[in-house]
Amino acid sequence: MTTPKRLGVVMDPIGAITYAKDSTLAMLLAAQERGYARAYLEQKDLLLRDGVAYGRMRALTVGADPANWFTLGEPALAPLSALDCLLMRKDPPFDTEYIYSTYILERAEEAGVLVVNRPQGLRDMNEKVYTAWFPQCCAPTLITRDMGEMGAFLREHGKVVVKPLDGMGGRSIFVLGNDDLNARVVFETLTDYGRRFAIAQRYIPEIAKSGDSRVLLIDGEPVPYALARIPSPEDHRGNLAAGARGVGRPLNDRDRWLAREIGPRLAAKGMLLVGLDVIGGFVTEINVTSPTGIRELDKQFGIRIGDLVMAAIEQRLAAAPRRRPTAAAARAGG
């Protein structure tokens, strides 16, 4: 009898997710349908002992029921190398605790576990800064601690978006014009008077009508539809968490060009699921931690993106088969 593949997931408390919108749940439902044994962990369940990555894992059953979408077994400590694949789906903030978690996951990766996305990439690819590796895909962008440089950038472009490098969900995003008397205060706040880096981007007016589109890449290839987050009339932010409305649309030629420019390079670095934020044909962020939008696109277009993710995982696993180590070998670092 063939032993089923084992898939683990590190995520925020599953009882607190939004059932109708949670992309991790879509992947777990697909994994369950494919016969994977599933193990649930939160960030607090990870640990290192003598260089070996462990986790307090609980068996997980998921269901397509908005009133009862999961059940958990009792926790049991085991080496992460007992898993074939581990999804890192802990939401930001990307803080030092997140970084420490990637070190533990990297030890699991070195023991043969396929970690999605790759821990080194999670550390290296800040979702706002990493756009600098693809300047041909982006509007003019400045990353600096210098408030004078930010002021000069605003005068050059007339209208800009400024935000912190570690923000999420639309938090602390400002739109400034040349005549905005709050500009200096915003620069002071974001940079902590020149002690922190912040990012400024030329304002892209298309966001008002076309929104901020999420283009999902699976192992370098784009999903054929994007989720446009249309700001509400009372807000400028294209974030669902800030009240934007999610409207699906087919990819256009510019989306596909952006995917060709960025997708293969990130896939080669082990980033199997990536979300590009695209406004007016320009990439503003490259999301690698826990890209969302799967459930909304599935519902609007009758597709199964979670299943596409699992198919890509299976291709990766088949390309690098391994024998699962025994517990004794794992304790010995083998």
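The structure under discussion appears in the preceding block.
Residues numbered from 1 in each chain as written. Predicted model: local features only at pLDDT ≥ 70, side-chain atom pairs only at ≥ 80, totals over all residues. Heavy atoms only, no water.

Asker: Please provide a residue-by-residue account of the pairing of strand E12 (residues 198-202), values included.
Answerer: With respect to burial, E12 is a largely interior element, four of its five residues being buried. In the sheet, strand E9 (residues 141-144) pairs with E12 via four bridges, with the strands oriented antiparallel. Considered in E12, the bridge of Ile 143 is made with Ile 199. Bridge count between strand E10 (residues 159-164) and E12: five bridges; the pairing is antiparallel. Counterpart to Val 162 in the pairing with E12 is Ala 200. (Buried < 20%, exposed > 50% of the residue type's maximum accessible area, 1.4 Å probe, protein only. Helix = DSSP H or I, 4+ residues; strand = E, 2+ residues; numbered from the N terminus. Pairing = 2+ DSSP bridges.)

Asker: An account of the sheet that holds strand E15 (residues 245-250) is requested, with residue identities and associated values reported.
Answerer: Reading across from one edge, E15-E14-E13-E16-E17 is the order of the five strands in this open sheet, with antiparallel pairing throughout. The open sheet is flanked by E15 and strand E17 (282-287), the only strands paired with a single partner. For this sheet, the mean inter-axis angle between neighbouring strands, taken without regard to orientation, is 30 degrees. Across six bridges, strand E14 (residues 221-230) lies against E15 in antiparallel orientation. Across the sheet, the residue bridging to Tyr 225 is Pro 250, located in E15. (Axes fitted to C-alpha atoms, helices over the stretch in contact; angles between N-to-C directions.)

Asker: Would you mind going over the pattern of salt bridges in detail, with residue names and values included?
Answerer: Taken as a whole and assessed by the stated rule, the structure comprises 22 salt bridges. The closest approach of N and O atoms between Glu 42 and Arg 58, which form a salt bridge, is 3.9 Å. Here Glu 42, found in the loop between strand E2 (37-41) and strand E3 (46-49), pairs with Arg 58, found in strand E4 (residues 52-62); they are 16 residues apart in sequence, far enough to count as distant. Residue class for Arg 58 comes out buried when judged on its relative accessible area of 19%. Taking the shortest distance from any N to any O, the salt bridge between Asp 192 and Arg 196 comes out at 3.9 Å. By relative accessible area, Asp 192 is classed as partly exposed at 25%. Arg 196 sits in the partly exposed class, given a relative accessible area of 44%. Salt bridges linked by common partners bring Glu 42, Lys 44, Asp 45 and Arg 58 together as one network. (Salt bridge = Lys/Arg side-chain N within 4 Å of Asp/Glu carboxyl O.)

Asker: A description of the pairing of E2 should follow, citing residues and the corresponding values.
Answerer: In terms of residue burial, E2 counts as a mostly covered element, since four of its five residues are buried. Direction of pairing for strand E1 (residues 6-11) relative to E2: parallel, over a ladder of five bridges. Bridging across to E2, Val 9 finds its partner in Tyr 40. In terms of strand pairing, E2 meets E4 through two bridges, oriented antiparallel. Looking at the pairing, Tyr 40 lines up with Arg 58 of E4.

Asker: Kindly report on the packing of aromatic side chains, identifying the contributing residues and their values.
Answerer: This structure, assessed with the given rule, holds six aromatic pairs. Seen from their ring centres, Trp 69 and Phe 70 are 6.1 Å apart, and the 50 degrees between their planes marks the pair as tilted. Geometrically, the ring pair formed by Tyr 130 and Phe 134 is edge-to-face, given 6.0 Å between the ring centres and 65 degrees between the ring planes. For the pair Tyr 130 and Phe 134, one class covers both residues: buried. Members of the aromatic cluster, joined through ring pairs, are Tyr 19, Trp 69 and Phe 70. One Lys or Arg, Arg 295, reaches over the ring of Tyr 19 and ends 5.0 Å from the middle of that ring. (Phe/Tyr/Trp six-rings, centres within 6.5 Å; stacked < 30°, edge-to-face > 60°. Lys NZ or Arg CZ within 6 Å of the ring centre and 35° of its normal.)

Asker: Report on unusual backbone geometry, specifying residues and quantitative values.
Answerer: Between Pro 92 and the following residue, Pro 93, the backbone shows a cis peptide bond with an omega angle of 25 degrees. Along the chain, the position of Pro 93 falls in the loop between strand E7 (85-89) and helix H2 (96-110). Geometrically, the link from Val 116 to Asn 117 is a cis peptide bond, its omega value of 0 degrees lying close to zero. The topology assignment puts Asn 117 in the loop between strand E8 (114-116) and helix H3 (119-124). In this structure, Tyr 193 is a non-glycine residue whose phi angle is positive, near 60 degrees. In this structure, Tyr 193 sits in the loop between helix H5 (183-191) and E12. Here the phi dihedral of Asp 219 falls at roughly 50 degrees; this positive angle occurs in a residue that is not glycine. Along the chain, the position of Asp 219 falls in the loop between strand E13 (212-218) and E14.

Don't take any of this as a statement about function, it's just geometry.
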